[in-house]
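Examination of the molecular architecture
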Amino acid sequence: MMAELASYAAYAHPGPGWDGNGWDGGGPGWWVIVPILFWVVVLSAAGYLIYRFSPRRAARTAAERTLAERFARGEIDAEELNHRRSVLRGKG
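As a starting point, this report considers the structure included with it.

Each value, and the rule that gives it
- Residues numbered from 1 in each chain as written.
- Predicted model: local features only at pLDDT ≥ 70, side-chain atom pairs only at ≥ 80, totals over all residues.
- Heavy atoms only, no water.
- Salt bridge = Lys/Arg side-chain N within 4 Å of Asp/Glu carboxyl O.
- Helix = DSSP H or I, 4+ residues; strand = E, 2+ residues; numbered from the N terminus.
- Buried < 20%, exposed > 50% of the residue type's maximum accessible area, 1.4 Å probe, protein only.

As enumerated under the stated definition, the model contains 4 salt bridges in all. Between E64 and R89 there is a salt bridge; the shortest N-O distance is 2.9 Å. Of this pair, E64 sits in helix 3 (residues 55-73) while R89 sits in the segment after helix 4 (78-88), placing them 25 residues apart in sequence. Since its relative accessible area comes to 16%, E64 is described here as buried. Classification of R89 by relative accessible area gives partly exposed; the value is 42%. Each of the salt bridges in this network shares a partner with another, and the network as a whole consists of R70, R73 and E75.

By themselves, these figures tell us nothing about what the structure is for.
Laid out in structure tokens, this is it:
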């Protein structure tokens, strides 16, 4: 009896996106887009973490911090601070 009820349920509603004769024309829906968005988010987060904790960026941040301290102590002036920062950032 359960098998007969299950077959009636399957006939009455064959499943999401199918009408018994083929595709209902509604398109694949969100089940195609969601995995793509998931992997875009995961890969973007991984790329950001690699960038954020890279040794080169950490060294540049430490060098800029040292420059700021030297400027605060009055060892260098604003022009020299800006010039050295631009050199560190690869713009000079």
